[in-house]
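Tertiary structure, described
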Amino acid sequence: SPDDHVIVVGDAVFRDADPKTLSAIELFTGKKTLVRGNHDEAFTDEQLKPYFERIVPHGQGLEIDCGGVPCYVTHYPILGRKD
């Protein structure tokens, strides 16, 4: 729904993709956040901004509340946290 929060955990499209393929992201409704992954580095924030309300820099993560459970979302499992 438009109230959903969609989190793309990196690699929104393949690194060698035509920027036109980003338009497929519009198929998801709701508020979209991108946690950048390695393949997303082929695109600038300016290219990604029309599709995402928030862009988390490559290698970083996002703290969210999952129904009262604190969660940390990252593209790279090795960068996960023990808490």
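Residues numbered from 1 in each chain as written. Predicted model: local features only at pLDDT ≥ 70, side-chain atom pairs only at ≥ 80, totals over all residues. Heavy atoms only, no water.

**Looking at the packing of aromatic side chains**
Applied cut-off: Two rings from Phe, Tyr or Trp (for Trp, the six-membered ring) form a pair when their centres are within 6.5 Å of each other. A pair whose planes differ by under 30 degrees is stacked, one over 60 is edge-to-face, and the rest are tilted. By definition here, charges over rings are those cases where NZ of Lys or CZ of Arg is within 6 Å of the ring centre and within 35 degrees of the ring normal.
All told, the structure shown has 0 aromatic pairs when counted by the stated rule. Positioned above the aromatic ring of Tyr-72, the side-chain terminus of Arg-81 is 4.4 Å from the ring centre.

**Structural notes on the sheet that holds strand β1 (residues 5-8)**
Adjacent strands of a sheet form backbone hydrogen bonds with each other and so pair up, either parallel or antiparallel. Where we set the bar: A pair of strands is considered paired only if DSSP assigns at least 2 bridges between the two. By the criteria applied, helices consist of DSSP H or I runs no shorter than four residues and strands consist of E runs no shorter than two, each listed in order from the N terminus. Here, axes are lines fitted to C-alpha atoms. For helices the fit covers the stretch in contact, and angles between N-to-C directions go from 0 to 180 degrees.
Ordered in space as β1-β2-β3, the 3 strands form an open sheet in which the pairing is parallel. Two strands bound the open sheet, and with one partner strand each, they are β1 and β3 (54-56). Neighbour-to-neighbour, the strand axes of this sheet turn through a mean angle of 20 degrees, independent of strand direction. Sheet topology places β1 next to strand β2 (residues 31-35); 4 bridges connect them, and they run parallel. By the bridge assignment, His-5 is partnered in β2 with Lys-31.

**A few points about the pairing of β2**
Stated precisely, the cut-off is as follows: Burial classes follow relative accessibility: with a 1.4 Å probe on protein chains only, a residue under 20% of its type's maximum area counts as buried, one over 50% as exposed, and anything between as partly exposed.
The element β2 is largely enclosed, with a buried count of 4 among its 5 residues. Here 3 bridges tie β2 to β3, and the two strands are oriented parallel to one another. By the bridge assignment, Thr-33 is partnered in β3 with Arg-54.

**Structural notes on the pattern of salt bridges**
We apply this condition: The working definition used for a salt bridge is a side-chain nitrogen of Lys or Arg within 4 Å of a carboxyl oxygen of Asp or Glu.
If you walk through the whole model with that rule in mind, you get 4 salt bridges. Across the pair Lys-49 and Glu-46 runs a salt bridge whose closest N-O atoms are separated by 3.1 Å. Its relative accessible area of 48% is what places Lys-49 among the partly exposed residues. You can call Glu-46 exposed: its relative accessible area is 56%. The shortest N-O distance in the salt bridge between Arg-81 and Glu-63 comes to 2.9 Å. With Arg-81 in the segment after β5 (69-74) and Glu-63 in strand β4 (residues 61-66), the pair connects residues that are 18 residues apart, well separated along the chain. Residue Arg-81 is classed as partly exposed on the basis of its relative accessible area, which comes to 39%. Through salt bridges with shared partners, one network takes in Arg-36, Glu-41 and Asp-45.

Shape descriptors only; they carry no functional weight alone.
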